Number of protein chains: 2
Amino acid sequence: MDAETMTRESLQAFADRRREGFEWELRNLVEIPTISADPGCRDHMWRCAEYARDMFFRYGYEGEILETGGQPIVYGTMGRDPHLPTVTIYNHLDVQPANEPGWLTDPFRMTIDGDVFRGRGTTDDKGPAITAFYGAIAAKEANLPVNLRFLWEMEEEVGSPSFRNAMERHRGKLATDLVVVSDTIWVTRGKPSTPAGLRGLMTFVLTLETAEHDMHSGLVGGAARNPLSELMTVVAAMMDGESGKVKIPGFYDDVEKPGDEELEHWLRSGFDVDVFKRDHGIKSLRTEDPLKLMKRIWGRPTMDVHGVVGGYSGPGIKTAVPPRAEVKMSCRLVPGMDTRRTFERIRAFVAKHFPDVVVREDHSLAPFRGHVSGPHAEAVMDAYRFAFGAPCVFTREGGSIGAVKTMEDVLGAPVYFLGLSLPSHGYHAPNENYDWEQAGGGMALFARFFEHAARIGRSPEPVSAPVTA
Amino acid sequence: MDAETMTRESLQAFADRRREGFEWELRNLVEIPTISADPGCRDHMWRCAEYARDMFFRYGYEGEILETGGQPIVYGTMGRDPHLPTVTIYNHLDVQPANEPGWLTDPFRMTIDGDVFRGRGTTDDKGPAITAFYGAIAAKEANLPVNLRFLWEMEEEVGSPSFRNAMERHRGKLATDLVVVSDTIWVTRGKPSTPAGLRGLMTFVLTLETAEHDMHSGLVGGAARNPLSELMTVVAAMMDGESGKVKIPGFYDDVEKPGDEELEHWLRSGFDVDVFKRDHGIKSLRTEDPLKLMKRIWGRPTMDVHGVVGGYSGPGIKTAVPPRAEVKMSCRLVPGMDTRRTFERIRAFVAKHFPDVVVREDHSLAPFRGHVSGPHAEAVMDAYRFAFGAPCVFTREGGSIGAVKTMEDVLGAPVYFLGLSLPSHGYHAPNENYDWEQAGGGMALFARFFEHAARIGRSPEPVSAPVTA
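Since the model is a prediction, treat every value here as computed from it, not as a measurement.

Moving on: the overall build of chain A. Secondary structure summary: chain A contains 13 helices and 18 strands in total. Taken over the C-alpha trace, chain A has a radius of gyration of 24 Å; the compact-globule value for 469 residues is 23 Å, and the two agree within 12%. Expressed as lengths along the three principal axes of its C-alpha atoms, the size of chain A is roughly 85 × 45 × 45 Å. Long-range contacts, defined here as pairs at least 24 residues apart, represent 80% of the contacts in chain A between residues at least 6 apart.

Structure (structure tokens):
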């Protein structure tokens, strides 16, 4: 295969030839339990990093492990010609915990069921990482004039606490013309989509303490303040729990609404209410209108309650008044919003109306506005159509990838998205899986994108490209 | 000692002579861990019941164990003359769990520290039981013309689930002219008080399920209903968490307010805001006004949240939207209110405004209106003044004793209260204790009351005596 003959057919033949190798590498990665949230997995993280580094050497390239102060980063290199454009592909090798009920197989044994690869991390994000790796091998076999780099993080699932520091520490070595992130999800199979933006995240905790220990609700009830009842009143003052509407003054002020052209893309994305419900196991939604739903998950900020600490949660009812309670919450933010400003509005509202309640910010991630025009954005569109035979649309990602904003900030290179996961793959869910249709097509996707990148050359767009198409 | 010489001095001498025996019996009872909420304590319950039954034989009387279908009841008999009045003294021998932090000694080893007896159950309710037992021994030594019965329940701390059935099954044998319950708490040391009423209890659970499993709040947040946020909105619609005011229509309609004479008693009860706060470890109250506080704990119904099930309550924040949530709640009810009618009002309110939320009633106890006039009520007053040298006032009990209403209903005998516990004894709290001042005085209290009961004879008041003095 050379550049002239890098057709869809030759890339399919490449993928079929490499399928056994793909499955071998994926299995070996999946079977190392790289749960970044679990301190007991520290040794596994390093074992996985070493395996991934050595993989580059086994295929004739170079790999190294970057120290971050936290979990390691694997950095792979294919080509070092300073005159050629450099594309860096970001994936992550850490995974979510897998202790939720519902797993039908051992999450850390990869099972192959026809074209389906099942196990924790298969789709998030080890499968897409290995897919991009093989897409790069194809590009290198075709002698495309492009340098390729691989940045495989191992703290993505815990909010990338060391990533910014690592990027700054190794900034010189990591210089790149553009970054491709492969950790996003299509709306549905057969309809490629790529995000024009990511929501940010601002997590926080409300705490109230009114006594020293559990009180007998008969002896004190009515007189004693009850931190659980009181925090529920606070939450209900902050938001309407049914509609989800946030009542904090100014909360929506900075929201940039999606433009008409962007909404057109959304309507062509293949979003289907029933499929959305089925994919996420949802029994009841706040609205059943498809466009309203897309606006809610892609274009609007949220406020959610994630948990409560305090009181009795065992069987039956223990009629004690708890001495303290804590409510864990978060807001997803959209482009235009600022994590600090949002937290400050919430803090000020609570301080004004409920002065005894303490509001503490936990971790935050800025929202991200994507690039939807220019040669590389066009290359993304073409590569999807080439690889999957269907047009790609710009949607948004409701979730947050902390590394994205960091890479634009520190490396000064625009970030594009070549995601391959599907809602049915079960991100963060039991029986997570990935499949050969996405993997084989994904290799062609990356190879085609690298071909465009080689052709476009070293002409990065400005990072401040507008968000809407 | 005979009836003519049953002076305060002779009863003090009796108590001092019997102190060693009292401590011996109390220790043996406390060191059997009779935690009725713990299924692992089943053998201990029976061991304790047999010990208590045998105690009656050891002192020359009769005891037996009544089968209830649940935990046993110990029934002791001192005297069987059909022409004499019969007084039945109710206590309970089961205890609260003792796994809360803060215990300085093993809760199931009784430690004696001067005049203080420490251990789980010392004040609630094994100490008062043994005190009444010795008061009865004194009465019997004085040949008072009265039959005495002891009814020692072993399911009080779990809401007396078998008690009504047991009373009905053994109704004939249990016939009595009046009942004395010794399981209540004074307002403060040195100021005897006896309840003119008990609050009832109605416990219930709100449940909402909107999905099948945890959802990723980035992928679904804004669209998916969040059962935690939604139930918080429901609770905030049902009550004001800060003031505790219940917003359910009609909730307060049946409340019988305390009369002026009753409020006079309350003002003389020795209630002190600072002591109340210290006794219960309270840092902050809904009001600091003493009369308002007494009204809140004795004369007004409540609504409290006791716990939440659903979502993530570990360290940090997991940004999942939970599929279901449950809120555990209760109301304390005051005389005039009805558990069934109150539940129905709550159910109807939630059904009207939040039709997807399920409201399930858990256990309930009717409020109780006490007897504050007539010869036995006067006997209670005199016995306290005689034993403790201070006037007794009628207050209320904020908590609920399930057996009280049942005994009036099934045995048709009025119930009076001769409580001995103090707030500083730590009901349901770590380092629970009882003391010799209350025990020695308590023996005189019971002996004096039995003397009055013998004099008054078989003339029970009607059970429907008015509540207010």
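So, next bit.
Below, the discussion takes up the pairing of strand 2 (residues 73–78) of chain A. All names here are of chain A. Counting buried positions along strand 2 gives five out of six residues, so the element sits mostly inside the fold. Note: strand 1 (residues 62–66) against strand 2, five bridges, orientation antiparallel. Looking at strand 2, one finds that Glu62 is bridged to Thr77. Where strand 1 hands over to strand 2, the hairpin turn is made up of six residues, of which Gly69 adopts a positive phi near 95 degrees. Where strand 2 meets strand 6 (residues 147–153), five bridges bridge the pair, whose relative direction is antiparallel. Paired with Val74 across the bridge in strand 6 is Trp152.

In this complex, chain A contributes 73 residues to the contact, which on the side of chain B involves 74 residues. Those elements giving two or more residues to the side of chain A that touches chain B turn out to be strand 9 (200–209), strand 10 (215–216), helix 5 (217–220), helix 6 (227–238), helix 9 (290–299), strand 11 (304–309), strand 12 (320–321) and strand 13 (324–333) of chain A. When residues of the side of chain A that touches chain B are assigned to their parent elements, the largest contribution, seven residues, is made by helix 6 of chain A. In terms of residue class, the side of chain A that touches chain B is made up of 26 nonpolar, 29 polar and 18 charged.

Right, let's get into the relation of the copies chain A and chain B. For the pair chain A and chain B, the best superposition has an RMSD of 0.1 Å and corresponds to a rotation of 180 degrees with a translation of 0.1 Å parallel to the axis. Read as a symmetry element, the transformation amounts to a two-fold axis. Proximity to the rotation axis, assessed at the C-alpha, singles out Met232 of chain A in chain A; its C-alpha lies 2.4 Å from the axis.

Take helix 6 (residues 227–238) of chain B next. An ideal rise of 1.5 Å per residue puts 16 Å on 12 residues; helix 6 of chain B measures up with 16 Å between its terminal C-alpha atoms. Across the 12 residues that make up helix 6 of chain B, a large majority, 11, are buried. Where helix 6 of chain B is concerned, the buried positions are Pro227, Leu228, Ser229, Glu230, Leu231, Met232, Thr233, Val234, Val235, Ala236 and Met238 of chain B. Tucked inside the fold, the buried residues of helix 6 of chain B contact helix 6 and strand 11 of chain A together with strand 9 (200–209), strand 11 (304–309), strand 13 (324–333) and helix 10 (339–353) of chain B.

With that settled, consider the sheet that holds strand 9 of chain B. All names here are of chain B. One open sheet accounts for four strands, arranged 11-13-9-14; its pairing is antiparallel. Two strands in the sheet have a free side with no partner beyond their single neighbour: strand 11 and strand 14 (358–365). If you compare each strand with its neighbour and ignore which way they point, the axes differ by 20 degrees on average. In this structure, strand 11 lies alongside strand 13, joined through five bridges in antiparallel fashion. Bridge pairing in strand 13 links Val309 to Glu326.

All names here are of chain A. Summarising the model, chain A shows a mean pLDDT of 94, and 97% of its residues fall at 70 or more. Segment residues 462–469 is flagged for pLDDT under 50; beyond a separation of four residues in sequence, or across chains, it makes 26 contacts in the model. Scored as a complex, the prediction yields pTM 0.87 and ipTM 0.87.

Time to look at the domain arrangement of chain A. How large an interface is tends to be reported as the accessible area lost when its parts come together. Residues and elements named next belong to chain A. Annotation of chain A at the domain level lists domain 1 (3–198 + 367–456) and domain 2 (200–255 + 300–364). Inter-centroid distance (C-alpha atoms) of domain 1 to domain 2 is 37 Å. The interface of domain 1 with domain 2 comprises six residues on the first partner and eight residues on the second. Here the side of domain 1 that touches domain 2 is composed, by residue class, of one nonpolar, four polar and one charged.

Moving on, we come to the packing of helix 1 (residues 8–30) of chain B against helix 3 (residues 122–141) of chain B. All names here are of chain B. Where helix 1 contacts helix 3, the axes come no closer than 10 Å and their chain directions differ by 140 degrees. By the criterion of interaxial angle, the relationship of helix 1 to helix 3 is oblique. Here the hand of the crossing between helix 1 and helix 3 comes out right-handed. Contact with helix 1, carried on its side by Leu11, Phe14, Arg18, Phe22, Glu25, Leu26, Leu29 and Val30, involves Thr122, Lys126, Gly127, Ile130, Tyr134 and Ala138 of helix 3 and no other residues of that element.

We now examine the nonpolar core. Counting 236 residues, the largest nonpolar core has Phe450 of chain A together with Phe450 of chain B as the members making the most contacts within it. Apart from residues lying up to four places away in sequence, Phe450 of chain B is in contact with Val87, Gly135, Ala136, Ala139, Leu144, Val146 and Leu148 of chain B.

Before going further, it helps to examine the packing of helix 1 of chain B against helix 13 (residues 436–456) of chain B. All names here are of chain B. Running from N to C, helix 1 and helix 13 cross one another at 125 degrees; their axes reach a closest spacing of 9 Å. In terms of orientation, helix 1 lies oblique with respect to helix 13. Here helix 1 runs over helix 13; the crossing is right-handed. Of the residues in helix 13, those in contact with Arg8, Leu11, Gln12, Phe14, Ala15 and Phe22 of helix 1 are Ala439, Gly440, Met443, Ala444 and Ala447. Residues of the contact of helix 1 with helix 13, tallied by class, amount to eight nonpolar, two polar and one charged.

Residue and element names in this part refer to chain A. Tracing the chain through its elements places Arg27 in helix 1 (residues 8–30). Take Arg27: there are 18 C-beta atoms within 10 Å of it, and that puts it in the partly exposed class. Sequence separation between Arg27 and Lys126 is 99 residues, and the spatial gap between their C-alpha atoms is 9.5 Å.

What follows concerns the sheet that holds strand 3 (residues 86–92) of chain B. Residues and elements named next belong to chain B. Spatially, the six strands line up as an open sheet ordered 1-2-6-3-7-17, and their pairing is mixed. The open sheet is flanked by strand 1 (62–66) and strand 17 (415–417), the only strands paired with a single partner. For this sheet, the mean angle separating the axes of adjacent strands, direction not counted, is 25 degrees.

We now examine unusual backbone geometry. Residue and element names in this part refer to chain A. For the peptide bond that leads from Asp124 to Asp125, omega is 15 degrees, which places it in the cis range. Counting through the fold element by element, Asp125 comes out in helix 3 (residues 122–141). Even without being a glycine, Asn431 presents a positive backbone phi close to 60 degrees. As for its position among the elements, Asn431 is in the loop between strand 17 (415–417) and strand 18 (433–435). In this structure Asn431 comes out as partly exposed when scored by C-beta crowding, with 18 C-beta atoms within 10 Å.

All names here are of chain A. Helix length check: helix 2 (residues 42–58) (17 residues) gives 25 Å between terminal C-alpha atoms against 24 Å at 1.5 Å per residue, within 8%. Turning to helix 2, its buried residues are Met45, Cys48, Ala49 and Ala52. Seen along its axis, helix 2 keeps its buried residues to an arc of 100 degrees; they face one direction. Across from the buried face of helix 2, at angles greater than 90 degrees, the exposed residues are Asp43, Asp54, Phe57 and Arg58. Tucked into the core, helix 2 has its buried residues touching helix 1, strand 1, strand 2 and strand 6. Note on helix 2: the residue one or two positions beyond its end, Gly60, has a positive phi of about 95 degrees.

Looking at where Arg296 of chain A falls in the secondary structure, it is placed in helix 9. With 52 residues separating them in the primary sequence, Arg296 of chain A and Gly244 of chain A have C-alpha atoms 9.8 Å apart. Once residues lying within four places of it in the same chain are set aside, the contact partners of Arg296 of chain A are Arg286 of chain A together with Gly222 and Ala223 of chain B.

A few words on the environment of Pro128 of chain B. Relative to the helices and strands, Pro128 of chain B is located in helix 3. Among all residues touching Pro128 of chain B, those that are not within four sequence positions of it are Asn91, Ser182, Asp183, Leu420, Ser421 and Gly442 of chain B.

Definitions and cut-offs
- Residues numbered from 1 in each chain as written.
- Chains lettered and ligands numbered in written order.
- Predicted model: local features only at pLDDT ≥ 70, side-chain atom pairs only at ≥ 80, totals over all residues.
- Helix = DSSP H or I, 4+ residues; strand = E, 2+ residues; numbered from the N terminus.
- Rg over C-alpha atoms; globule rule 2.2 N^0.38 Å.
- Contact = placed C-beta atoms within 7 Å.
- Buried ≥ 20, exposed ≤ 12 C-beta atoms within 10 Å, placed from the backbone.
- Pairing = 2+ DSSP bridges.
- Nonpolar A, V, L, I, M, F, W, Y, C, P; charged D, E, K, R; others polar.
- Least-squares fit on C-alpha atoms with pLDDT ≥ 70 in both.
- Expected span 1.5 Å × (residues − 1).
- Axes fitted to C-alpha atoms, helices over the stretch in contact; angles between N-to-C directions.
- pLDDT = per-residue confidence, 0-100.
- Domains from an automatic or database assignment.
- Parallel < 35°, antiparallel > 145°, perpendicular 65-115°, else oblique.
- Left-handed = near helix turned anticlockwise from the far one by under 90°.
- Core = buried A, V, L, I, M, F, W, Y, C linked by C-beta atoms within 7 Å.
- Arc of directions from axis to C-beta.

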